[in-house]
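Listed here are the chains, written in short residue letters.
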Amino acid sequence: MSILIDKNSKIITQGITGATGLFHAQGCRDYCDTQMVGGVTPGKGGTEIDGFPVFDTVEEAVTKTGANVSVIYVPPIGSADAIMEAVDAGMDLVICITEGVPVLDMVKVKQYMQGTKTRLIGPNCPGVITPGQCKIGIMPGYIHKPGPVGVVSRSGTLTYEAVWQLTSRDIGQTTCVGIGGDPVNGTSHLDALKMFEEDPDTKSVIMIGEIGGDAEEQAAEFVRDHMTKPVAAFIAGATAPPGKRMGHAGAIISGGKGDAASKKTFLRECGISVADSPAEMAEALLKVWQP
Amino acid sequence: MNIHEYQAKAILRNFNVPVPEGHVVYNSNSARDWARRLGDGPYAVKAQIHAGGRGKGGGVKIAKTADEAKQFAREMFGMTLVTHQTGPEGKLVKRVLIEAGCNIADEFYVSFLVDRATSKVTLMASAEGGMDIEEVAANTPEKLFFEAINPIVGLTAFQARKVAFKLGFEIAQVKQAVPLLMNLYKTFVEADCSLLEINPLVQTADGQLLCLDAKLNFDDNALFRHLRIRDLRDYDEEDMMEIEASQYDLSYIALDGNIGCMVNGAGLAMATMDIIQHYGASPANFLDVGGGATIERVTEAFKIILSDKKVEGILVNIFGGIMKCDVIATGVVEAAKQVGVKVPLVVRLEGTNVKLGKQILAESGLDIVSADGMADAAEKIVKAVKG
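Residues numbered from 1 in each chain as written. Chains lettered and ligands numbered in written order. Predicted model: local features only at pLDDT ≥ 70, side-chain atom pairs only at ≥ 80, totals over all residues. Heavy atoms only, no water.

**Points about the environment of Asp40 of chain B**
Residue and element names in this part refer to chain B. Checked against the element boundaries, Asp40 lands in the loop between α2 (28–37) and β2 (43–47). Asp40 sits in the exposed class, given a relative accessible area of 76%. Residues Asp40 and Ala66 lie 26 residues apart in sequence; the distance between their C-alpha atoms is 8.2 Å. (Helix = DSSP H or I, 4+ residues; strand = E, 2+ residues; numbered from the N terminus. Buried < 20%, exposed > 50% of the residue type's maximum accessible area, 1.4 Å probe, protein only.)

Here you go:
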């Protein structure tokens with residue numbers, strides 16, 4: 001078992017004829033034969049690129065391939081439209097990798113998605129991987145290993161760091177979810193924790209957060225009140241000055257809220273094992289859980 | 001992106017939001033001439049810098065006559081204004097706004113921002129205008145009113161009315177407040193703002209509502225569709241090195257410490273700063289070279305770090321995913337050859353092509369300390385700098 005994706009997931013790539021889209025579609029296909037069944041680029045329907053059939057619309061791609069997941073590399077100007085097209089086509093899961101999507105576009109997308117069955121991950125995220133089964137996104141596959149730990153994070157490379165700390169200790173992962181660094185996104189830390197709690201194969205979780213907002217605190221309340229599995233965490237940005245956007249649009253301390261120290265304190269109060277150093281994420285987990 | 005108050009008011013005026021009449025000036029003679037054109041005093045003379053708290057620092061003054069406006073403007077030009085938002089180094093005043101004064105009967109607070117919790121634009125208002133709103137939120141949260149806005153229908157008249165009545169307006173002012181709030185929302189959405197703040201919104205002695213101050217911040221990711229707004233960017237208000245870095249698509253923020261960092265990915269970059277502090281030193285910067293950095297970009301990133309005189313050591317921390325370690329290694333070697341590295345350099349490489357990357361560093365003949373893992377890297381650079 002796993003969450004969100006497994007070996008049965010059938011994936012299309014929106015923006016497959018772009019250099020980035022194609023490169024990562026190939027990379028995902030090469031990882032454990034992930035079922036990358038085609039792609040969409042308006043105007044290039046009916047052609048083929050490196051063995052991937054290309055369609056003009058997502059609707060057509062779904063009809064012809066039976067895809068249930070879409071991954072989006074469309075540039076920011078068209079990202080919101082691409083997400084809504086995938087939602088309209090009835091996808092179970094949409095993963096938007098694109099960085100730089102305007103926030104107000106995402107506000108509209110979230111409203112548009114209400115009452116639909118689709119789950120959105122991202123935007124501005126590395127994607128999702130279920131080690132040994134299915135990789136959707138830009139993460140390096142080989143650092144992962146199948147196993148019992150769920151990983152959820154706003155950041156890409158910091159997720160790799162946590163995964164690597166686990167894999168080097170011979171501890172594998174059920175699913176690793178990069179939810180993205182933007183203030184308005186599809187899936188929160190809380191959503192991911194709920195899914196990990198319900199997944200029988202996930203035995204413990206590492207949650208990686210950042211300064212800004214209060215999504216980590218909401219997730220921590222769930223851990224305190226409902227979660228039966230041990231959770232370890234790290235919050236990046238202890239040294240970030242207020243009012244400065246640290247790369248991610250969401251990573252900003254404003255109005256004295258969202259700083260790392262208060263987040264860490266709250267997480268600890270909720271029973272989460274918080275790593276003080278990013279080099280100790282796996283160790284923080286091993287303090288509260290043994291494989 | 002931030003803009004100046006006078007620019008914000010010009011945008012609001014285009015959306016039929018009532019703001020005082022005024023003009024920006026670049027010298028004190030113009031201050032007097034524009035004051036005269038505004039009619040009889042008093043006039044507000046306001047220093048234009050990208051920071052709040054200007055009044056307390058002497059950056060906002062009320063002049064009774066045009067000559068006095070000139071006098072105040074002369075004092076402000078060239079003055080380094082220090083407020084709680086500028087940092088101790090302050091900001092040099094180069095532009096001054098001259099405005100028609102008004103008789104204030106009451107002050108209110110209004111703002112719009114994107115609320116992450118609801119994923120909606122939210123209207124926030126309070127009758128405690130002119131105050132530090134963060135204090136109001138902390139001490140008397142019951143005095144703040146919120147309306148979450150459905151993006152499909154926008155701010156509705158009834159929502160605006162609800163807020164106006166809660167603020168205690170008489171019906172004559174409610175009738176002004178409703179279109180005013182709706183036009184503020186329209187500005188927020190059509191200009192892709194990340195923050196729109198009116199503090200204070202005033203009711204004048206003759207019952208008119210007027211936006212006396214205005215702060216507009218824009219979503220950087222949406223500037224591609226607002227070229228006129230993008231042109232309002234004032235480079236004088238920004239850090240030189242941050243501007244330089246942005247030209248190479250590098251995300252760079254100058255900090256106060258002495259250990260320069262170069263990292264791929266925003267989260268890992270923040271975490272690298274944190275681990276430097278964890279081992280008892282301070283980072284000199286945040287620098288994310290991004291996922292698709294080329295050798296040229298890495299070289300420029302290295303040059304920017306080295307141009308910071310505070311830097312006494314450099315930590316390179318790369319977890320290669322899309323980014324290949326050999327590209328980073330080649331960039332580091334290239335930059336070191338071009339500019340010469342006279343400070344300790346610790347490099348930690350992991351991920352794609354790591355062996356090749358380490359080999360390039362080892363064969364370069366440069367004095368580079370290789371590290372295994374983040375903790376080892378941070379310990380080594382802190383030790384090298386502290387001696």
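**Side note on the pattern of salt bridges**
Residues and elements named next belong to chain B. Counted under the stated rule, the structure contains 31 salt bridges over all chains. Between Asp376 and Lys380 there is a salt bridge, with the nearest N and O atoms lying 3.1 Å from each other. Here Asp376 pairs with Lys380, and both are found in helix α13 (residues 373–386), just four residues apart, close to one helical turn. Three or more residues joined by partner-sharing salt bridges are found here, namely Glu5, Lys9, Lys46, Arg54, Glu99 and Asp213. (Salt bridge = Lys/Arg side-chain N within 4 Å of Asp/Glu carboxyl O.)

**Topic: the layout of surface pockets**
Of the pockets and cavities examined, the second largest pocket occupies roughly 450 Å³. Along its surface, the second largest pocket is lined by 26 residues, and Asn185 and Ser188 of chain A together with Arg116, Ala117 and Ser119 of chain B are the ones closest to its centre. Only α4 (103–113), α6 (189–198) and α7 (215–226) of chain A provide two or more residues apiece to the lining of the second largest pocket. A breakdown of the residues in the lining of the second largest pocket according to their chemical character gives seven nonpolar, twelve polar and seven charged. (1 Å grid on protein atoms, 1.4 Å probe; cavity = no way out; pocket = protein on both sides within 12 Å on 5 of 7 lines; lining within 4 Å. Points joined across faces, edges and corners; volume = space filled by probe spheres on them. Nonpolar A, V, L, I, M, F, W, Y, C, P; charged D, E, K, R; others polar.)

**A short note on the interface of chain B and chain A**
Residue-level contacts link 48 residues of chain B with 54 residues of chain A. Together, the buried faces of chain B and chain A total about 4,000 Å²; carbon and sulfur atoms form 64% of this surface. Of all residues in chain B, the largest losses of buried area upon contact with chain A belong to Arg116, Met270 and Phe319 of chain B, amounting jointly to 18% of the total for that side. For the interface between chain B and chain A, the tally reads two salt bridges. The closest approach of N and O atoms between Glu161 of chain A and Arg348 of chain B, which form a salt bridge, is 2.8 Å. For the side of chain B that touches chain A, the element with the highest residue contribution is helix α9 (residues 266–278) of chain B, accounting for ten residues. (Contact = heavy atoms within 4.5 Å. Buried area = accessible area lost by both parts, 1.4 Å probe.)

Everything listed is a geometric property; what it means functionally is a separate question.
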